[in-house]
Each structure stands twice: as C-alpha cells, then as structure tokens.
Amino acid sequence: MIKKVLIANRGEIAIRIAKSCKKLGIKTVGVFSKDDSASLHLTYCDESYLLGDDPLKGSYLNTEKLIEISKKYSVDAIHPGYGFLSENSGFVKKLNKEKIIFIGPSYKAIELMGDKIESKKIAKKAGVNCIPGYEHAIKNVREGLNEAKKIGYPVMIKASAGGGGKGMRIARDKNEFEELLTAAKNEALNAFGDDRVFIEKYIEKPRHIEMQILADNHGNMIWLGERECSIQRRHQKIIEEAPSSFIDNITRVKMGEQAISLAREVNYSSAGTVEFVVDQKQNFYFLEMNTRLQVEHPVTELVTGIDLVEEMIHIADNKKLKIKQNDVKVQGWAFESRLCAESPKKNFLPSAGRLVNINYPVGDIRVDNGYQSGGEVSIYYDSLLAKIISKGKDRNDALSKMQRALRDVAVEGIETNIDFLMDIYKKEAFAKGEINTNFITETYDNGYEGKIDNKKEQESIILLAISYHINYFYSVNTDIKNISKNWVVSWRYDEFEININSIKNNFISIMLNNSLKEFSYQIDHINKMIQVYINEKKIKGRVNNHKNLLKVFFNGAETNINIFRKNTYQLYSILPKENINNKQKNILSPMPGKVTKVLVKEKDKVQEGDSLLILDAMKMENIIKSDFNGVIKEILVKENQSVSADEMLIAFA
Amino acid sequence: MNKKIDHYLEQIKVAKVGGGQKRIEAQHKKGKLTARERIEVLLDDNSFNEIGMFVKGKSSQHTQEERAILGDGVVTGYGKINGSDVLIYSQDFTVYGGSLGEEHANKICKILDMAMKNRIPVIGLNDSGGARIQEGVAALGGYAEVFQRNVLASGVIPQISAILGPCAGGAVYSPAMTDFIFMSEQTSYMFVTGPEVVKTVTHEDVNTEYLGGANTHTTKSGVADFSFDNEITVLQQLRRLFDFLPQSNISGQKFKKFNDSINRKIPSLNTLVPQDKNKAYDIKELILNVADEKDFLEVQKDFAKNIVIGFIRLEGRSIGIVANQPLALAGCLDINSSRKAARFVRFCDCFNIPLLTLVDVPGFLPGTDQEFNGIIKHGAKLLFAYAEATVPKVTLITRKAYGGAYDVMSSKHLRGDINYAWPSAEIAVMGAEGAAKIIYKNADEKALKEHIIDYETKFSNPYIAASRGYIDEVIKPDITRIKVINAFKILRNKDLKNPWKKHDNIPL
C-alpha cells in the first residue's frame, strides 16, 4: 500500500503529482536543489528535503541521496515526473533493490524502448508500422530504383555520413531518381568524403500524433486516444491537442491497437505513450515510445476524464485497472499551450531571471503552473513556466476558450512566448487543422515578428493605446476641458487622426478615420492589461509605457505607438528623423555564453536581421542577428571567448 | 480703426517669426524647435498668454547692423500644464543666437517676479549663445539679476530648466540653481568654459558633446536630472514631472485619480530579498510595487546608481522616494550618492512632499578616493538633510542597515516618524563577520566561525532595534504598500517646526 510518495522532480509536474496524491490521501515528500529552496512546488508537499547544492547532478539526478531520503523518511514510492530520472533504468534497478516502488514501468521496458535501434526492431516484431526504407548503401541506380519502387515515392535519399541536410534529396518519381541520386552522392562525397547513400520513405507534411496507453501489472492494457503535437519549435512541442483533427476513427483504432501490441511485447505497465509520424494519407509510422508521463498528458485527461497520475499510482500499487477499453470515451476537445521562458523573436532563446510578476487566467481553464510572482527561473532547468489547458465541446470551442485565456496572461521580469502562442492560434491554417511539424518554420519563415495582421487588428490596437493614453490625462486634470481634443496616433509607417468628442469617467467617444467610436475601458495597472468594450465586444491587450512610447500587445501582434497632440505631432514631423534616435548602435550579448563563430568582419555592411555571430548558451546555439542596418566598426569578441550578459559584442559605425 | 488693427496684426506677425524664416529652418535642421514651438508642445492647447512680445533690445547700444527684433530673443508668458498654472520663458536661438541682453534679462526677471508674487512654478527653456557681447556689462548685470531671483525663489516655487541648445559660461548658473534640469541628447550642452578654452589652458582635446552633453551631465557630473533623445520627449516628460510637483511651498499637493487598491497585497515581495545575503536585488521592484499604479518617475537615474530617487504617488498624492540600490556598489553610500539624495530630500522638504526611505545599506564606501574628496562633509549633507526635514518621514529597512549609514538613512533618531523593518532586516554596527573578527581578535578559525553564527543569530535581525523602539513595526513584505499608506495617512497633519534661525549651515 502506497502511503507516502517522494516526487523526484520540480516545477509544474511536481505540483501536478502532489495534487493527485493529496486527492488519494497519500503524503508527499518534495525535494529540491539549493537554488530551489524557495520553489513553489515545495509548498504543495507535506515534507521537503534538500538534495544538494548542485543544480542537477548533485540534486535532481542524485539517485543515492533520493534513496537515502526515501529510506530515512519511510517513503513507499517515487514518482519521477518527466525528464530527470523518469527514463533511467539504472535508477529503477536501484529502487527495486531497496524495495522502493518506482511509479512507472519496469526497468526492462525502459531499457528496451530507450534504445533507438532496439525499439524499432521490437516494434516491427509487434506488427507496428515502421517507416519503410532500405538500410543498406545503394550500390547502383538500378538497385536504387528497385528499392524506391518497393518503398513507394516520394523517397528521401540520405547520405550515410549525413547531417545538416547535406547530401539529402527528395525524389518524387522514378524519372528524377537517377539525377538526384547522383547529385546526393556527389554532395555527400564533397561534404563528408563518403558517397554512400541510403533511401527511406519521405513523409510529406508529417504530423506528430501519439497514443496514450495505460497498462497494469496484471496484463490489462487500454489505449486512451491520441494527442496531436505537430506544433513544434526547435523539435520541441509547444501546442498539443486531443483528439487529432486529422485522423479518422479507423486510423485511431489501428493506432491504438498497435500501441497496445507494442506495449504487450515489452510487458509494459504504467502510463506510456507511443509516438507516430503520420503522412497526408493517414499512414502512420512508429517513432518511439515514451515510457513516462508526458508533459502534454492533461489534454488526454480533459477529454477522457481519467486522472493519469492517479492511475499510475494505483498501477504501481499493484492494483488492477478498473477502466476497460469500452469505458474509454473521448468527449469534447482539449488544447494545451506551453508557456515558456523564451524569446520567440530571438529564435526562441531561453530567458531566465526573477519572475517579477506573472498573472494566470482563471475560470473555465486548467492551469498547471510551476511558478508564481516572485519566483526565480533558473538557467539550469526546463523553460516551461506553466501549461494552460482548455476544454471545449468541440475544437472551435476549445480554441476560443484558449484564446480568451491567453489574453489574461501577463508576465514581467523575463521574456515568454505568450504572444507567439496567441499568434499561432489566430492563424487560419491552424484553425482549420492544417498543421504539420514544419508549421512554425513554414509559417514564420522570417521568424516571429509580431506583425499586425489586418485593419481590424490595427483599429483594436489604436483603441487600446488611446484609452491608456487618455486615461492619464483624465486622471491628472481636474477639469477635463483642459484635455486636448485632437490627437495623432503614429507608428512607423502609419498615422491616424483622432478627435475626441467627449470623455466621461472611463467612457470615451472619438472620431477615428471619420467614423464614430464610442467605448469604455478598464485598466489593470498591476498586470499592465487593458480592456476596451465597444459595441458589446471586448478587446483585451497589454500596454507598456516607455517614455513617450506605448508598446501594445494584442492577440499576438506587438507594436510601438506614439500618441501626440495634433499640434505637437506637426512639430514632431518637422524635425529631421535622423536626429531623433541617433544613439550609438551596438550589439550586446543577450545572455551569458561563449562565442563559437563570428560570421562578419569589420567594415562589413549588414542589414537588419543579418546573422552576425553564433553564441553558445544554455546548451543551445543561438544566432545573434543585427538589430540595425549599417557598417560594422569593431568586433569586440573573438571566437571561443566567454561573454557575460549585456557585454558589447559588435559596435556599428 | 481697422487700419490700427491691421497694423497690430502685422506687428504680431513680425514678432512671431523671430529671427526670420531662414533661421527657423536652420534651427529645425539641427533637430531643434523654435522658442514658440517649444511652448506649444509644453503647454496645454491654446493656454499660452505671451507677455512682452513687443519688448525691444537697447538698439542704440547695438553695434550690429540688424535692427532690434521684437521680443529681444526670449519668449515669456504664462499658461497651463494639465490645468495647473505655470510661468515660462523660452530663449529664441533665431534671435541674436538667443543671447542675453539687458531687456532679455528683464523679461525673465519679470516672469520670476510674477511667479514669486503669485506662487506659481517657473519653467525656463534655455537655448542661448551666452551674454550679448555688444551690450557688455549690462548683459552680465542681467545674468546676476536672474540669479538673484532664482535664489530667492528657491524653496518657494518649483523651478525647472530644460537645456535645448547651448548653455555656456555664466548662463549655466541660472539652471544650476533651479530644482530640476532636463537636457536633449546631441542637441544641447552645458559648460562653464568651452572646448577651445579648455584646450589652451589644460591642453585637453574634447568636443562639446563630451565636455558638456546630456550624457556627460546625466552620468558623470550629475548636473542634469533627465535627458531624452529628442526635444519633444524632453518637453512631454517635463510635463510628467510637473504633474508630481505642488504649485508652491504653501499650496497643497496635487491629486491624481488612481485606479489601484489601497489594500493591495504583494506576495512576490516575500521573495524579493534573496536568501543568500550577498546576492543583489533590484530595489526598483519594491518601489514600483508600492506605488499607485506601479508608476515611478525616477530622477537622475543614470548618476550614482547606488541610490535611487524619484517620485511615486500614494492614494493619488506625491511621495518622494530615496532608496539604496543593492544592484550598484551593494547600495553603499559614497560622495555622489550622498549629494544626489541630500539635494532631493531637501527639495521634498521645501515643498512638503512626504519622504519614503527604503534602506539596504552596508555602510559608506571606503577608500582614499572617497576620503580625499571629502566623504565626511558630503555624507554629512544627507544626514543634515534628513535631520532638518520636517515632512512626514516613513522608513523601511529591507535588509542591511549597518553602522553610521543606518543613522543617516532616515533613522528614528533623525525624527523618522514611522520606521518599519522586514523580517530580513539586519540592524547592527556592522556585518556579523566583521564584528566577530573585531570582538574575538585572537579566536582561531573554527571558533571564529561559531562566533560569527552566534553574532548573526543575536544581532543580525530587526528585533533588537525594535525592542528599543528604533523600529516601530516589523512587517511582512507582502503588506508593505498597505502599511506605508497607513503610515502616511496618520502623518497627514504632521506639524513640526525647526527652531527659528536665519538659515542653517549645511556642510556644503
């Protein structure tokens, strides 16, 4: 009987697990690294203990210490969450020896599924679809044509020594095969000194769809339906949904059954996920099996009503699964958005530091958060701040609930992907379910810029900015007659004249582009959020005030606005613009790291957006791009030099 | 009759073009507005009333060919900023390069006299080549007349200067005696002697921007309080400062409607002070969270960053903030930060703006540089300023309050009205390690470690100070805003007078 669980994790997942334990009347033990001693997850646990000073190896990965704490404080079982030790078979073996229950599958299952080659072999044996391909080097054109025919076009020709897209070609039919084979071989020879190539099926517009399963120690296994996770950046998921908008029930059942058959092959028990790549004809192929609870598990929970953590604990407690396959009903639709500490505008560069303020949505929405205002986001851990999960009666309903919820998110202190998430949700292709794993790279070929999509959006932004601006004048003036009637809203390429008819408390009546707009507004200064009500419609955005500039965020768009009194604007227009904002142009390091490559030389002429150098930080390669057009005056760093945050890297003339 | 009106309208037209269209265009090309345009940006729509438009310079004394231009190079008058009265003078660079002649000075004096008589703030927009040499000693006399009035007005009405072009030689001393100086970046400079004189005397090669540009004065000298990248922003931000200031030393505070709760709890403040004592944190996070609508106008933000000064509002009324900034030099006091804060404290005291002091100070910055340059007298300025101030004074110690610096930072002993401390406060003569090392000089390493821990538990807390009444209340960080508002509420009618004296003798 499990009475006390140690949660060998941190952040939102530790909290998530603690909540289910509480529901079951199980005591929880939280653990932490030195830097995490004030972390939110500890407030959800009944007891908590320090693992060690080191952020990783000496703490969350410190198996000895975890076992020591477990024994000392009579812990019955350990839940590993995801990441850290969740798929570490050695850890499970150690726990077995110490008679501490691991809430998860057997070490054997973890070992088998953890090996890329082994898992594919087992999958094949279990009758799971694998990507067709010819694993030997192609000797000549005839052999290649034969194999390609067997696999079925389009096929991908890949260099054996490959990497970085070099020596890779996609042949769509037999007529172009020979030419592309030669090209691939030549390129491979030039790039790697090895002209061996092999071929496999090329999946066009691949979708990532995965099947959730549950299995107990008594041979009972069920599948709980699929999740689609095609929206990925840097090969990491950021939006997931259940069910998938793409596959039909026949495919679904096939996928479920294959997942079960794979699980049976390795005697699986606990919760697990079998990941597939799906082509445009609903053919699906095995990618890998995740032998743990996944980040995106809540979407399955919301559409099936099953608490996966609770089931995992029961299974670990040797109980039989109460749910039968026929009991599993998928109802409604669910989306999950991962709110991450990162900068989508800087190629998803992670952001860390003190979380000065964070506001989460409330109401008909599930928020699994790992942080609150005043928390510290460390560079050592996952950038996931919170998961926001919506449930609706259908896809549209869940989608609009998600959009509403995201508008309530406000974060101060670090950068997040909140606006990027909003921007994805408003894309027409997304709404139609026309997504695949290349969605982000294809939709944002220049990277995310926070562009304003249309006139309507622009008008909403103007109303938000004007309300914010006028509010100040309303609140300092004792007599509203002193407030100017004529204003100009200006930004980079556009300007709008606004005439105020009346202001009464928070009701404003204006003429904008010769049309009457009457609206009221409400400002939440603490979260820097503003709401405008116009014609029974609600517009909600965020406004930051920096000197005279208003930075407005609305529905994924982000823009800088200046509001002038009309006479002031006329004078502003007279002044030569190069005198305004002629500050020294420099490129600073956005974070501490190491310069691995300098891509430009002194005296080079570069455009805004050109790549300047590569910075290795937080185990990722980050391309530092130019913020300006101009000529490089001086490069202040060398390759392999370590730099600190805000250190000057490149000076412009 | 019509003819007379026509003539009048013609005269106005002539006066309004100042030095002529060509010079106006040249002014615009430099990124500068004309004197009248600046007034338009600064004041509420249609609120300006010009005084002395037809004043002419002493043309008989001119040796230059040009006839006397109406207004004599300065536009003066009155108007409103967000509904509040203000007197203004704006030098016109298009007329004799904005140079100051006798009549020009008289116009400014008239404005200052009017301001004093009626207790209305004055704003001067400076853009002048200096003394009008042709007028000789009369121009020098003019300057001094202005200086004298600036001095008498000091502490009676707020005086604000914006430097929007050259301001050199004697001309710098009028702005220097006003309460706040704004500068426009790249288009303005201030110095006593220009680059050429510098070169001949000291052989230093400097340009005007480096010698006296906005960057120099906001980061190095501390002469200027604000700078912005163009004049329009300067003037708009000047309006923003003006909204925080009272009309005079006898008027009440202005009130701004606010959309914020006086019962707002701020849980994030509970983790503001890091558990590691040697880690820094940003004191501005506390200031912003306490302020109404998280609105804080920082003064001198780029100079002596180890102390933060500026204005917030509580319940709609202005409060002056003085706060040690752990992010810079660990928040210690040195010459520059003491001077910066002392002047601000005195400004607030002149104009009845209550003071909120946030303390996290490890002490004074040690070193020969500091001692040789007179930290004793400069540090004393801040002590003096706090001690003589009679406005409501609320103090909050967030972490360190060590040694003499504890005394200086609006302590109970300097007539602090309500003195709060967070549980993380450490009020002691010095840090635990230093103290243990002095008390137990001969202790070995192990014993010393124990003594340090012992000292820490005994003295590194707010409770000893609280037991003596030096701290009125130890408060949980999340209720700081509520507590501070309550404190200022109870002090609203504070009535405290210093003994009569001609004036004090602050250690200048």
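Not measured: the values here are computed from a predicted model.

### A word on the overall build of chain A
Here is step 1 of the chain: In terms of regular secondary structure, chain A is built from 17 helices and 39 strands.
Here is step 2 of the chain: Computed over C-alpha atoms, the radius of gyration of chain A comes to 28 Å, within 12% of the 26 Å expected from 2.2 N^0.38 for 653 residues, which places it in the range of a compact globule.
Here is step 3 of the chain: Overall, the C-alpha framework of chain A stretches about 80 × 65 × 50 Å when taken along its three principal axes.
Here is step 4 of the chain: In chain A, which comprises 653 residues, the share counted as buried stands at 56%.
Here is step 5 of the chain: Of all intrachain contacts in chain A linking residues separated by at least 6 positions in sequence, the fraction that spans at least 24 positions is 62%.
Here is step 6 of the chain: When the accessible area of chain A is evaluated, it comes to approximately 29,400 Å², of which 47% is carbon and sulfur surface.
Here is step 7 of the chain: Positive and negative side-chain charges in chain A, numbering 95 and 87 respectively, have mean positions lying 1 Å apart.

### What about the overall build of chain B?
Here is step 1 of the chain: Scanning chain B for helices and strands turns up 19 helices and 17 strands.
Here is step 2 of the chain: What you see for chain B is a C-alpha radius of gyration of 26 Å, in line with the 23 Å of a compact globule of 508 residues.
Here is step 3 of the chain: C-alpha extents for chain B along the principal axes are approximately 95 × 55 × 45 Å.
Here is step 4 of the chain: Residue burial in chain B is summarised as follows: out of 508 residues, 57% are buried.
Here is step 5 of the chain: Just so you have it, chain B exposes about 22,000 Å², and 55% of that area is on carbon and sulfur atoms.
Here is step 6 of the chain: For chain B, the separation between the mean place of its 64 positive charges and that of its 59 negative charges on side chains is 4 Å.

### Regarding a negative patch on the surface
Here is step 1 of the chain: On the surface, Asp35, Asp53, Asp54 and Glu376 of chain A cluster together to form a negatively charged patch.
Here is step 2 of the chain: Mapped onto the fold, Asp54 of chain A is located in the loop between strand S3 (47-52) and helix H2 (56-60).

### Points about the nonpolar core
All names here are of chain B.
Here is step 1 of the chain: In terms of nonpolar packing, the biggest core is built from 68 residues, with Phe311 and Val322 touching the most fellow members.
Here is step 2 of the chain: Residue contributions to this core peak at 7 residues, all from helix H10 (residues 231-244).
Here is step 3 of the chain: Residue contributions to this core reach at least three from each of two domains, namely domain 1 (2-244) and domain 2 (267-425 + 461-490).

### Focus: the interface of chain B and chain A
Here is step 1 of the chain: Chain B puts 43 residues into the contact, and the matching count from chain A is 37 residues.
Here is step 2 of the chain: For the pair chain B and chain A, the summed buried area comes to about 3,600 Å², and 49% of that belongs to carbon and sulfur atoms.
Here is step 3 of the chain: Where chain B packs against chain A, one counts 3 salt bridges.
Here is step 4 of the chain: Notably, a salt bridge pairs Arg565 of chain A with Asp45 of chain B, separated by 2.8 Å at the nearest N-O pair.
Here is step 5 of the chain: The interface formed by chain B and chain A holds 22 residue pairs in polar contact (both at pLDDT 80 or more) in total.
Here is step 6 of the chain: Put simply, the parts of the chain that give the side of chain B that touches chain A at least two residues each are helix H2 (21-29), helix H3 (35-42) and H10 of chain B.
Here is step 7 of the chain: In terms of residue count, H10 of chain B provides more of the side of chain B that touches chain A than any other element does, 7 residues in total.

### Topic: the domain arrangement of chain B
Residues and elements named next belong to chain B.
Here is step 1 of the chain: Domain parsing of chain B yields domain 1 (2-244) and domain 2 (267-425 + 461-490).
Here is step 2 of the chain: Look at where the C-alpha atoms of domain 1 and domain 2 centre, and you get two points 36 Å apart.
Here is step 3 of the chain: On the side of domain 2, 17 residues touch domain 1, which itself brings 20 residues to the contact.
Here is step 4 of the chain: Summed over both partners, the interface of domain 1 with domain 2 comes to about 1,600 Å²; 58% of that surface belongs to carbon and sulfur atoms.

### Structural notes on helix H5 (residues 107-114) of chain A
Here is step 1 of the chain: Restricting attention to buried positions, one finds in H5 of chain A the residues Ala109, Ile110 and Met113 of chain A. Relative to the axis of H5 of chain A, the buried residues are bounded by an arc of 100° and lie together on one face.

### Looking at the pattern of salt bridges
It is possible for side chains bearing opposite charge to pair when their charged atoms get close.
Here is step 1 of the chain: The tally for this structure, following the rule as stated, stands at 86 salt bridges over all chains.
Here is step 2 of the chain: The salt bridge partner of Asp408 of chain A is Lys540 of chain A, with a shortest N-O separation of 2.4 Å. Note that Asp408 of chain A is positioned in the loop between helix H12 (395-407) and strand S23 (410-412) and Lys540 of chain A in strand S29 (residues 537-546), a separation of 132 residues in sequence.
Here is step 3 of the chain: Residue Asp408 of chain A is classed as buried on the basis of its relative accessible area, which comes to 19%.
Here is step 4 of the chain: Classification of Lys540 of chain A by relative accessible area gives buried; the value is 15%.
Here is step 5 of the chain: Between Asp260 of chain B and Arg264 of chain B there is a salt bridge, and its shortest N-O distance comes to 2.8 Å.
Here is step 6 of the chain: By relative accessible area, which is 14% here, Asp260 of chain B ends up buried.
Here is step 7 of the chain: Classification of Arg264 of chain B by relative accessible area gives buried; the value is 10%.
Here is step 8 of the chain: Each member of the salt-bridge network shares a partner with another, and the members are Glu210, Arg227, Lys237, Glu240, Glu275, Glu296, Glu336 and Arg338 of chain A.

### Let's talk about the packing of H12 of chain A against helix H13 (residues 418-425) of chain A
Packed helices, taken two at a time, are described by the angle their axes make and the gap between the axes.
All names here are of chain A.
Here is step 1 of the chain: Running from N to C, H12 and H13 point in directions that differ by 155°, and their axes come no closer than 10 Å. Taken together, the axes of H12 and H13 lie roughly antiparallel to each other. As for the relative orientation of H12 and H13, their crossing is left-handed in sense. Residues Leu399, Met402, Gln403, Leu406 and Arg407 of H12 pack against Ile418, Leu421, Met422 and Tyr425 of H13.
Here is step 2 of the chain: Broken down by class, the residue content of the contact of H12 with H13 amounts to 7 nonpolar, 1 polar and 1 charged.

### Brief notes about the packing of aromatic side chains
Here is step 1 of the chain: Applying the stated rule across the entire model yields 31 aromatic pairs over all chains.
Here is step 2 of the chain: Seen from their ring centres, Phe180 of chain B and Phe347 of chain B are 4.8 Å apart, and the 75° between their planes marks the pair as edge-to-face. Of the two residues, Phe180 of chain B sits in strand S7 (residues 180-184) while Phe347 of chain B sits in helix H12 (residues 335-350), which places them 167 residues apart along the sequence.
Here is step 3 of the chain: Three or more aromatic residues joined by ring pairs make a cluster, and in this case those are Phe180, Phe244, Phe311, Phe344, Phe347 and Phe351 of chain B.
Here is step 4 of the chain: The ring of Phe430 of chain A carries the charged tip of Arg395 of chain A above its face, separated from the ring centre by 5.1 Å.
Here is step 5 of the chain: Positioned over the ring face of Phe553 of chain A is Arg542 of chain A, at 4.5 Å from the centre of the ring.

### Section: unusual backbone geometry
Residues and elements named next belong to chain A.
Here is step 1 of the chain: The peptide bond linking Tyr153 to Pro154 adopts the cis configuration, its omega dihedral lying at -5°.
Here is step 2 of the chain: Secondary-structure assignment places Pro154 in the loop between helix H7 (141-151) and strand S7 (155-159).
Here is step 3 of the chain: Of note, the amide linkage connecting Ala242 to Pro243 takes the cis form, showing an omega dihedral of -5°.

### Quick word on the packing of H7 of chain A against helix H8 (residues 174-192) of chain A
Residues and elements named next belong to chain A.
Here is step 1 of the chain: Closest axis-to-axis distance for the H7/H8 pair is 10 Å, and the angle between their directions is 135°. Here H8 runs oblique to H7, going by the angle between their axes. The two elements H7 and H8 cross, and the hand of that crossing is right-handed. Across from Val141, Gly144, Leu145 and Ala148 in H7, the residues of H8 making contact are Lys174, Phe177, Glu178 and Leu181.
Here is step 2 of the chain: In terms of residue class, the contact of H7 with H8 is made up of 5 nonpolar, 1 polar and 2 charged.

### Quick look at the sheet that holds strand S32 (residues 586-588) of chain A
Residues and elements named next belong to chain A.
Here is step 1 of the chain: Overall, antiparallel pairing links the 4 strands, which are arranged S32-S39-S37-S34 in an open sheet. The sheet is open, and its two edges are formed by S32 and strand S34 (605-606), each paired on a single side.
Here is step 2 of the chain: Relative to strand S37 (residues 630-635), S34 is paired through 2 bridges, and the arrangement is antiparallel. In the strand pairing of S37, Val606 is matched with Gly630.

### Looking at the side chain of Gln458 of chain A
Here is step 1 of the chain: As for its placement among the helices and strands, Gln458 of chain A is situated in helix H16 (residues 455-476).
Here is step 2 of the chain: Not counting residues within four places of it along the chain, the set of residues in contact with Gln458 of chain A comprises Ile452, Trp491, Asp494 and Phe496 of chain A.

### Observations concerning the sheet that holds strand S11 (residues 221-233) of chain A
All names here are of chain A.
Here is step 1 of the chain: Read across the open sheet, the 8 strands follow the order S14-S13-S10-S11-S12-S15-S22-S20; overall the sheet is antiparallel. Each edge of the sheet is formed by a strand with only one pairing partner; in this case those strands are strand S14 (284-290) and strand S20 (366-369). Averaged over all neighbouring strand pairs, the angle between strand axes comes to 25°, with direction disregarded.
Here is step 2 of the chain: As defined by bridge partners, S11 adjoins strand S12 (residues 236-242) across 4 bridges and the pair is classed as antiparallel. Directly across from Gln232, in S12, lies its bridge partner Lys237.
Here is step 3 of the chain: With respect to the sheet, helix H1 (residues 11-23) is in contact with S20 and strand S22 (384-392), its orientation differing from that of S20 by roughly 115°.

### Some words on the environment of Leu42 of chain A
Residues and elements named next belong to chain A.
Here is step 1 of the chain: Along the chain, Leu42 turns up in the loop between strand S2 (27-33) and S3.
Here is step 2 of the chain: In this structure Leu42 comes out as buried when scored by relative accessible area, which is 11%.
Here is step 3 of the chain: Each C-alpha atom, one on Leu42 and one on Ala352, is 20 Å from the other, the two residues being 310 residues apart in sequence.
Here is step 4 of the chain: If sequence neighbours within four positions are ignored, Leu42 has contacts with Gly30, Val31, Phe32, Asp36, Ser37 and Ser48.

Conventions used here
Residues numbered from 1 in each chain as written. Chains lettered and ligands numbered in written order. Predicted model: local features only at pLDDT ≥ 70, side-chain atom pairs only at ≥ 80, totals over all residues. Heavy atoms only, no water. Helix = DSSP H or I, 4+ residues; strand = E, 2+ residues; numbered from the N terminus. Rg over C-alpha atoms; globule rule 2.2 N^0.38 Å. Buried < 20%, exposed > 50% of the residue type's maximum accessible area, 1.4 Å probe, protein only. Contact = heavy atoms within 4.5 Å. Areas by Shrake-Rupley, 256 points an atom, 1.4 Å probe, with all protein chains shown as cover. Lys, Arg positive; Asp, Glu negative; His and termini not counted. Charge placed at Lys NZ, Arg CZ, Asp CG, Glu CD. Patch = residues over 30% accessible without salt bridge, like charges linked within 9 Å, V, L, I, M, F, W, Y side chains within 5 Å. Salt bridge = Lys/Arg side-chain N within 4 Å of Asp/Glu carboxyl O. Core = buried A, V, L, I, M, F, W, Y, C linked by side-chain atoms within 4.5 Å. Domains from an automatic or database assignment. Buried area = accessible area lost by both parts, 1.4 Å probe. Polar contact = N/O pair within 3.5 Å; in protein donor to acceptor, adjacent residues only side chain to side chain. Arc of directions from axis to C-beta. Axes fitted to C-alpha atoms, helices over the stretch in contact; angles between N-to-C directions. Parallel < 35°, antiparallel > 145°, perpendicular 65-115°, else oblique. Left-handed = near helix turned anticlockwise from the far one by under 90°. Nonpolar A, V, L, I, M, F, W, Y, C, P; charged D, E, K, R; others polar. Phe/Tyr/Trp six-rings, centres within 6.5 Å; stacked < 30°, edge-to-face > 60°. Lys NZ or Arg CZ within 6 Å of the ring centre and 35° of its normal. Pairing = 2+ DSSP bridges.

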